[in-house]
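Inside the fold
Below are the chains, spelled out letter by letter.
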Amino acid sequence: MADRLHFSLVAPERELFSGEVDQVDAAGVEGDFGVLYGHAPFMTALKEGPVTVRDGGQVRVYQVRGGFAEVTPLGLTILAEHAVEGPAGAGAGVSRPEGVGPGGH
């Protein structure tokens, strides 16, 4: 089994996600970035935008406004000022197989 990235997404209200995943993509103030297991350590501020969590064939999207992302040898932690699950303009709780759009296509 391949090594996996430990990812935590925490908002002031609660922890929205914590677990082992394949990849996380996010919008940093200096540009968008993706993190896989073994990524070099760094820290960045986040801008408003999606945080996409890829795990096998499943994709979860969280909308984040502000906060920080930190990559350490232990994984990726995002401390968000505000975060909800679901793509922009959609209802919360959206989780679907990768490549499947909102209409099931």
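Here's what I pulled together on the structure shown here. (Residues numbered from 1 in each chain as written. Predicted model: local features only at pLDDT ≥ 70, side-chain atom pairs only at ≥ 80, totals over all residues. Heavy atoms only, no water.)

Quick look at the overall build of the chain
Counting secondary structure elements, the chain contains zero helices and nine strands. Sequence-ordered secondary structure for the chain, helices as α and strands as β, is β-β-β-β-β-β-β-β-β. The burial tally for the chain puts 37% of its 105 residues in the buried class. Look at the contacts in the chain between residues 6 or more apart in sequence, and 45% of them connect residues 24 or more apart. (Helix = DSSP H or I, 4+ residues; strand = E, 2+ residues; numbered from the N terminus. Buried < 20%, exposed > 50% of the residue type's maximum accessible area, 1.4 Å probe, protein only. Contact = heavy atoms within 4.5 Å.)

Observations regarding the environment of His 6
Note on placement: His 6 falls in strand S1 (residues 5–10). Overall, His 6 belongs to the partly exposed group, its relative accessible area being 28%. Along the sequence, His 6 and Tyr 37 sit 31 residues apart, while their C-alpha atoms lie 7.8 Å from each other. For His 6, the contacting residues outside a window of four places in its chain are Ser 18, Gly 19, Glu 20, Leu 74, Gly 75 and Leu 76. Of the polar contacts made by the side chain of His 6, one reaches the side chain of Ser 8; its length is 3.4 Å. (Polar contact = N/O pair within 3.5 Å; in protein donor to acceptor, adjacent residues only side chain to side chain.)

Quick word on the nonpolar core
The biggest cluster of nonpolar side chains holds 22 residues, and the ones touching the most others in it are Phe 7, Leu 9, Val 24, Val 51, Val 53, Leu 76 and Ile 78. Sorting the residues of this core by element identifies S1, strand S2 (15–21), strand S3 (23–28), strand S4 (31–36), strand S6 (49–55), strand S7 (58–72) and strand S8 (75–85) as the ones contributing at least two each. (Core = buried A, V, L, I, M, F, W, Y, C linked by side-chain atoms within 4.5 Å.)

What about the pattern of salt bridges?
One pass over the full model with this rule turns up four salt bridges. Put simply, Arg 4 and Asp 22 hold a salt bridge, and the shortest N to O gap is 2.9 Å. Here Arg 4 is found in the segment before S1, whereas its partner Asp 22 is found in the loop between S2 and S3, with 18 residues between them in sequence. In this structure, Glu 85 engages Arg 60 in a salt bridge whose closest nitrogen and oxygen atoms are separated by 3.0 Å. Taken together, the positions of Glu 85 in strand S8 and Arg 60 in strand S7 put the pair 25 residues apart, joining distant regions of the chain. On the basis of relative accessible area, Arg 60 is assigned to the partly exposed category, the value being 29%. Taken together, the shared-partner salt bridges in this structure form one network comprising Arg 4, Asp 22 and Asp 55. (Salt bridge = Lys/Arg side-chain N within 4 Å of Asp/Glu carboxyl O.)

Considerations on the packing of aromatic side chains
In this structure the tally under the stated criterion is three aromatic pairs. With a centroid separation of 5.3 Å and an interplanar angle of 90 degrees, the aromatic rings of Phe 33 and Phe 42 are classed as edge-to-face. Residue Phe 42 is classed as partly exposed on the basis of its relative accessible area of 24%. Each residue in the set Phe 7, Phe 17 and Tyr 62 is aromatic and connected to the rest through ring pairs, giving one cluster. (Phe/Tyr/Trp six-rings, centres within 6.5 Å; stacked < 30°, edge-to-face > 60°.)

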